[in-house]
Amino acid sequence: MVYSLLFGSFLVGSLTSIFWARQRAGRLTLQFQRQLKAERQNSTVYEQRLQAFLLALQASPNGVVILDSDRRIEWCNQTAARLLGLDAVRDVAQHIAHLVREPQFLEYLSQENFEHELRFDNKALQLHPYGLGRALLLVRDVTDVERAEQMRRDFVANVSHEIRTPLTVLSGFIETLQTLDLSVEEQKRYLQLMGTQSQRLGALVADLLTLSKLDAEAKPSLERVNVERLLLQCEREARILATVLKRDITIEFNVESGTDMLGSASELQSAFSNLITNAVRYTPSGGAVQVKWRQNELTVKDTGFGIAPEHLPRLTERFYRVDKSRIRELGETAGTGLGLAIVKHVAQRHGAQLEIESTIGVGSTFKLIF
Ligand code: ADP
């Protein structure tokens, strides 16, 4: 009896504690599940944030490579992959030095100081260390920058050359006049030649100033331009040039009257005059120059030497000349080599198009379509 009572109370006690244990376990499981859910939600948020962050890096115009402390790739965007020849998926965990093998890069990687960027193969790279030994490698495509720098270097070299030639001639003549006992006739001849050279220098400086003004000002200052009056001035210039060059050329101007246009008078004057004086300059005696202005379109047609097709795409480059020997022939009336560069610039600033058609020995037609 006692035994069964004892057993009974033991059984009840055990069952009660099992019940409470289960209850507690149930509560714990619920708590655990909630915690797990919260953590899952958190990790989804983190995952989303990470994805958004990587998408932002992917959108960067620069190449981005994240390197661990051993300089192994942890992640890179598509731009970096393209510029450095990497595979954004396959190359993860690879050492960057095993994939980018250029000696300059390996040397750069091995140094301590990353203050300066490294340039090679039209790329600019810079390592930015962060955290504990990790690094961000940024890469830029500098093809355009390199091209612009090369153009600037060529331009400076060309300007120096263009200035040096007349200066050498001038200083030679000055020395001759100072040291030799020349006749009045000879002195006159030398002074005339010196005048030609100084005029060439003057024209060069004037064109350089025009170009630098065009480069510096974002937009032309717009005004009502009386095209008729402007072309009358060009016609006078063309006739004087033909007389100076002793060219017997028919010069014809056909200008629609009363057609003003909105633009910069000085820029348009410079562009029109360059096209028209070129037509006179490159047309021999017996030829003709026709200038027509109609419906916002200027046509300058000549029956001159013409230009071979391979030169046409480069004509508007600064100092590009088809035939350099003509400079001597044209004397003080020789162009500066900047005329068509100015025309192109002015055209762009006025939303106009420059069209060139030419046939060797037949002539050329230059059109400005506004
Ligand atoms: P330049 O001052 O030498 O005339 P431009 O920039 O005005 O320089 O012209 C570039 C080159 O284009 C000239 O050197 C010349 O060889 C060629 N050119 C320009 N206009 C004509 C034309 N109407 N006929 C033939 N060649 C031309």
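Residues numbered from 1 in each chain as written. Predicted model: local features only at pLDDT ≥ 70, side-chain atom pairs only at ≥ 80, totals over all residues. Heavy atoms only, no water.

S.K.: I would appreciate a short explanation of unusual backbone geometry in the present structure.
M.R.: Only a minority of non-glycine residues have a phi that is not negative, and only a minority of peptide bonds are not trans. The backbone of Gln 295 shows a phi angle near 45°, a positive value even though the residue is not glycine. Here Gln 295 is to be found in the loop between strand E9 (288-294) and strand E10 (297-302). Even without being glycine, Asn 296 reaches a positive phi, approximately 60°. Inspection of the secondary structure puts Asn 296 in the loop between E9 and E10. For Asn 296, a relative accessible area of 35% puts it in the partly exposed group. (Helix = DSSP H or I, 4+ residues; strand = E, 2+ residues; numbered from the N terminus. Buried < 20%, exposed > 50% of the residue type's maximum accessible area, 1.4 Å probe, protein only.)

S.K.: In this structure, what is going on with the nonpolar core? I would like to understand it.
M.R.: One recurring pattern in soluble globular proteins: nonpolar side chains tend to sit buried together. Membership of the largest hydrophobic core comes to 46 residues, with the highest contact counts inside it found for Leu 231, Phe 272 and Leu 298. What Leu 298 contacts, discounting residues up to four positions off in sequence, is Leu 231, Phe 272, Leu 275, Val 291, Lys 292, Trp 293, Phe 366, Lys 367 and Leu 368. Residues Leu 84, Ala 97, Phe 114 and Ala 135 belong to the second largest nonpolar core, which totals 24 residues. (Core = buried A, V, L, I, M, F, W, Y, C linked by side-chain atoms within 4.5 Å. Contact = heavy atoms within 4.5 Å.)

S.K.: Is there a simple way to explain the packing of aromatic side chains in this structure?
M.R.: Centre distance and the angle of the planes are the two values used to describe a pair of aromatic rings. Applying the stated rule across the entire model yields six aromatic pairs. Each ring, one from Trp 293 and one from Phe 370, has its centre 6.1 Å from the other, and the planes form 65°; the classification is edge-to-face. Here Trp 293 is found in strand E9, whereas its partner Phe 370 is found in the segment after strand E12 (363-369), with 77 residues between them in sequence. Each member of the aromatic cluster is reached from another via a ring pair, and the members are Phe 272, Trp 293 and Phe 370. The ring of Tyr 190 carries Arg 189 above its face, with NZ or CZ at 5.6 Å from the centroid. Over the aromatic face of Phe 155 sits the side chain of Arg 318, whose NZ or CZ is 5.3 Å from the ring centroid. (Phe/Tyr/Trp six-rings, centres within 6.5 Å; stacked < 30°, edge-to-face > 60°. Lys NZ or Arg CZ within 6 Å of the ring centre and 35° of its normal.)

S.K.: In this structure, what is going on with the site of the ligand? I would like to understand it.
M.R.: Around the ligand there are 18 residues in total, and Asn 278, Tyr 282, Asp 302, Gly 337 and Leu 340 lie nearest to it. At a separation of 3.0 Å, an oxygen atom of the ligand approaches a polar backbone atom of Thr 336. For the ligand, the protein covers 97% of the area, taking 530 Å² as the surface of the free molecule. Where the shell around the ligand is concerned, the elements lending two or more residues are helix H8 (265-281), helix H10 (339-349) and E12. (Near = heavy atom within 4 Å. Polar contact = N/O pair within 3.5 Å; in protein donor to acceptor, adjacent residues only side chain to side chain. Areas by Shrake-Rupley, 256 points an atom, 1.4 Å probe, with all protein chains shown as cover.)

S.K.: Just to check I follow, could you spell out the domain arrangement of the protein chain for this structure?
M.R.: Many descriptions give the size of an interface as the accessible area lost when the pieces come together. By the assigned domains, the protein chain splits into domain 1 (58-141), domain 2 (145-216) and domain 3 (218-370). Taking the mean C-alpha position of each, domain 2 and domain 3 sit 23 Å from one another. Listed by partner, the interface residues are 16 residues for domain 2 and 16 residues for domain 3. Summing the contributions of domain 2 and of domain 3, the shared interface buries around 1500 Å²; its carbon and sulfur component is 63%. In terms of surface lost to domain 3, no three residues of domain 2 exceed Arg 200, Leu 211 and Leu 214, which account for 39% of the buried area on that side. The interface formed by domain 2 and domain 3 contains two salt bridges. Broken down by secondary-structure element, the contributors of at least two residues to the side of domain 2 that touches domain 3 are helix H5 (143-179) and helix H6 (184-216). When residues in the side of domain 2 that touches domain 3 are grouped by element, the largest group, twelve residues, is from H6. In terms of residue class, the side of domain 2 that touches domain 3 is built from eight nonpolar, four polar and four charged. (Domains from an automatic or database assignment. Buried area = accessible area lost by both parts, 1.4 Å probe. Salt bridge = Lys/Arg side-chain N within 4 Å of Asp/Glu carboxyl O. Nonpolar A, V, L, I, M, F, W, Y, C, P; charged D, E, K, R; others polar.)

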